[in-house]
Amino acid sequence: MPTITCIEDLRVLAQKRVPRMFYDYADSGSWTESTYRANEADFQKIKLRQRVAVNMQNRSTACEMVGQAAKMPVAIAPTGLTGMQHADGEILAARAAEKFGVPFTLSTMSICSIEDIAAHTKAPFWFQLYVMKDRDFIERLIDRAKAANCSALMLTLDLQILGQRHKDIKNGLSAPPKPTIANILNLMTKPRWCMGMLGTRRHSFGNIVGHAKGVGDLSSLSSWTAEQFDPALSWADVEWIKKRWGGKLIIKGIMDVEDARLARDSGADAMIVSNHGGRQLDGALSSIEALPAMAQEVGKDIEVWMDGGIRSGQDVLKAWALGARGTLIGRSFLYGLGAMGEEGVTKALEIIHKELDLTMAFCGHTRIEQVGPHIFVPGTFPA
């Protein structure tokens, strides 16, 4: 086992161990991938002020996200096909998050089901909802999340239509992989992954197959999902879902100040500044560049979080200083999962926490709530 010191080490190992189509699914964006790259690169523009001769003892990164205690302002983001990065991937990630002390979010498009996560964890988790045309299915999904004691519903608004992701098209992405010659040859180089998949029954979308009308097997699933994302989604649907859910509501996919105001006015408890990891509108701002204006506009009325491009604890600290009271990590934990399973997710969280803790101290603070834009070198960011 190589020495793991940063998220990039986990990415390199995951690339070796995960089949190409699933690694590419996680590690890619739409069209030219310019926004995908900017999400990460724009963090590097932000320069920090180093302070010395200050008391660095008794540090704490603890906070709350929609009333839920967290060891640091980080949650596991909802990611589709997580169980294809590693067998039973959602269960492993949820267990790692629970043990570490950060929230876990399960995607609608997960391989393991809501019930799987509830059966394998004790901590409350969040459920991320995509709005489908089949409203009866959505109502039953919400009811299943309630029955599993999910503590918050995360409503994603930026996938009414699917962005074009060139790598997924070229790889013929499917779960499980189609038995093409190219796929078989690639799988032969991933024996660790294959053995794990042979040991689990979870190979397709656990929240959908057997639950949605007309989807009883894999052959009917792809056509159903292609037809079901709802391009007519509106803020009236948000109001309906909020009433149906009745609990904490998080709105994901906000990238414009006007939409931030609408999210605030919807009565949601939190909103996430997110461009879907650069996987939807290529050419959009990076999440970190979009964050300050929206946090300044609505941050006193609703919790503002962000995701996109976070590869270190320094990124978490920079986001917090710009007004985010929570962050979500997707690729960072997926790299850990693909590389080393549950142990890898734990390693990713440990790396980010250590980097956050040390950077906060170097900037002259011992508690996360003390951190603000004063930690930046003037004139470096935002412009």
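The structure under discussion appears in the preceding block.
Enquirer: Quick question: what am I supposed to make of the overall build of the protein chain here?
Expert: Helix and strand counts for the protein chain come out as 15 helices and 10 strands. Considering the protein chain as a whole, with its 383 residues, one finds that 58% of them fall into the buried category. Restricting the contact set of the protein chain to residue pairs at least 6 apart, pairs at least 24 apart contribute 74%. Summed over all atoms, the accessible surface of the protein chain reaches about 15,900 Å², with 53% contributed by carbon and sulfur. Taken as two groups, the 44 positive and 42 negative side-chain charges of the protein chain have centres that lie 5 Å from each other.

Enquirer: I tried to follow the packing of helix H6 (residues 135–147) against helix H11 (residues 235–245) on my own but got confused; where do I start?
Expert: If you want to describe how two helices pack, look at the angle between their axes and the distance between the axes. Look at H6 against H11: their axes get within 10 Å of each other, and the N-to-C directions meet at 40 degrees. As H6 packs across H11, the resulting crossing turns out to be right-handed. The segment H6 lies against H11, with Arg135, Ile138, Glu139, Ile142, Asp143, Ala145 and Lys146 engaging Asp237, Trp240, Ile241, Arg244 and Trp245. A class-by-class count of the residues in the contact of H6 with H11 yields six nonpolar, no polar and six charged.

Enquirer: Explain the side chain of histidine 365 here, please?
Expert: Inspection of the secondary structure puts histidine 365 in the segment after helix H15 (331–362). A polar atom in the side chain of histidine 365 sits 3.4 Å from the side chain of glutamine 370. Looking at histidine 365, its side chain comes within polar contact range of the side chain of histidine 374, at 3.0 Å. When neighbours within four sequence positions are excluded, histidine 365 is seen to be in contact with Arg59, Met360, Gln370, Val371, His374 and Ile375.

Enquirer: Looking at this structure, how should I read unusual backbone geometry?
Expert: If a residue is not glycine, its phi is most likely negative; likewise, a peptide bond is most likely trans. Of note, the phi angle at tryptophan 31 is positive, near 50 degrees, even though the residue is not glycine. We classify tryptophan 31 as partly exposed; its relative accessible area is 45%. A positive phi angle, near 60 degrees, is found at leucine 81, a position not held by glycine. Positionally, leucine 81 belongs in the loop between strand E3 (74–76) and helix H4 (89–100).

Enquirer: Help me understand helix H14 (residues 313–321), please; the structure alone is not making it clear to me.
Expert: Helical geometry note: an α-helix holds 3.6 residues per turn, so side chains three or four residues apart project in the same direction. H14 sits mainly inside the fold: eight of its nine residues count as buried. In this fold, the buried residues of H14 make contact with strand E1 (63–65), E3, helix H13 (287–298), strand E9 (303–307), strand E10 (327–329) and H15. The opening residue of H14, the one whose side-chain oxygen lies 3.3 Å from the backbone nitrogen of glutamine 314, is serine 312.

Enquirer: I keep staring at H13 and nothing clicks. Help me out?
Expert: Helix length check: H13 (12 residues) gives 16 Å between terminal C-alpha atoms against 16 Å at 1.5 Å per residue, within 8%. Looking at H13, one finds that the buried residues are Ser287, Ile288, Ala290, Leu291, Pro292, Met294, Ala295 and Val298. Buried-residue contacts for H13 involve helix H3 (34–41), strand E7 (248–254), helix H12 (257–265), strand E8 (270–273), E9 and H14.

Enquirer: Which parts of the structure should I look at to understand the packing of aromatic side chains?
Expert: Summed over the entire model, instances satisfying the criterion amount to three aromatic pairs. With 5.9 Å between their ring centres and 25 degrees between their planes, phenylalanine 22 and tryptophan 193 make a pair best called stacked. Remark: tryptophan 193 occurs in helix H9 (residues 191–198) and phenylalanine 22 occurs in helix H2 (residues 20–26); sequence separation between them is 171 residues. The residue whose ring lies beneath arginine 325 is tryptophan 320, and the NZ or CZ to ring-centre distance is 4.2 Å.

Enquirer: Whenever I open this one, the sheet that holds E9 confuses me. Can you help?
Expert: Strands belonging to one sheet form pairs held by backbone hydrogen bonds; the direction of such a pair is parallel or antiparallel. A sheet is described by the order of its strands in space; here eight strands give the open sequence E3-E10-E9-E8-E7-E6-E5-E4, paired in parallel fashion. Only two strands of the sheet have a single neighbouring strand rather than two, namely E3 and strand E4 (105–106). Pairing of E4 with strand E5 (residues 126–129) involves two bridges; the strand directions are parallel. Bridging across to E5, threonine 105 finds its partner in tryptophan 126. On the sheet, H13 packs against E7, E8 and E9 and is oriented at approximately 175 degrees with respect to E9.

Enquirer: Which parts of the structure should I look at to understand the pairing of E5?
Expert: Regular strands place side chains that alternate from one sheet face to the opposite one. Side chains Trp126 and Gln128 of E5 all project onto a buried face; the interleaved residues Phe127 and Leu129 project onto the opposite face, where all are buried too. A crossover links E4 with its parallel partner E5, the connecting element being helix H5 (residues 114–120), and its sense is right-handed. Pairing analysis gives four bridges linking E5 to strand E6 (residues 152–156), with the strands arranged parallel. By the bridge assignment, glutamine 128 is partnered in E6 with methionine 154. Note on the crossover from E5 through H6 to E6: the handedness is right-handed.

Enquirer: It is not clear to me how the pattern of salt bridges should be interpreted in this structure. Could you clarify?
Expert: Between side chains of opposite charge, a pair can form when the charged atoms approach closely. For the coordinates displayed, the defined rule picks out 23 salt bridges. Among the ionic pairs, glutamate 115 bridges to arginine 144, the shortest N-O distance being 2.9 Å. Here glutamate 115, found in helix H5, pairs with arginine 144, found in helix H6; they are 29 residues apart in sequence, far enough to count as distant. A salt bridge links arginine 202 to aspartate 116; its shortest N-O distance comes to 3.0 Å. Of the two residues, arginine 202 is situated in the loop between H9 and helix H10 (218–228) and aspartate 116 in helix H5; the sequence distance between them amounts to 86 residues. What emerges from the salt-bridge pattern is a single network uniting Asp88, Asp116, Arg201 and Arg202.

The rules behind the values
Residues numbered from 1 in each chain as written. Predicted model: local features only at pLDDT ≥ 70, side-chain atom pairs only at ≥ 80, totals over all residues. Heavy atoms only, no water. Helix = DSSP H or I, 4+ residues; strand = E, 2+ residues; numbered from the N terminus. Buried < 20%, exposed > 50% of the residue type's maximum accessible area, 1.4 Å probe, protein only. Contact = heavy atoms within 4.5 Å. Areas by Shrake-Rupley, 256 points an atom, 1.4 Å probe, with all protein chains shown as cover. Lys, Arg positive; Asp, Glu negative; His and termini not counted. Charge placed at Lys NZ, Arg CZ, Asp CG, Glu CD. Axes fitted to C-alpha atoms, helices over the stretch in contact; angles between N-to-C directions. Left-handed = near helix turned anticlockwise from the far one by under 90°. Nonpolar A, V, L, I, M, F, W, Y, C, P; charged D, E, K, R; others polar. Polar contact = N/O pair within 3.5 Å; in protein donor to acceptor, adjacent residues only side chain to side chain. Expected span 1.5 Å × (residues − 1). Phe/Tyr/Trp six-rings, centres within 6.5 Å; stacked < 30°, edge-to-face > 60°. Lys NZ or Arg CZ within 6 Å of the ring centre and 35° of its normal. Pairing = 2+ DSSP bridges. Right-handed = clockwise from strand over helix to strand, strands pointing away. Salt bridge = Lys/Arg side-chain N within 4 Å of Asp/Glu carboxyl O.

Geometric descriptors of this kind do not, in isolation, establish any biological role.
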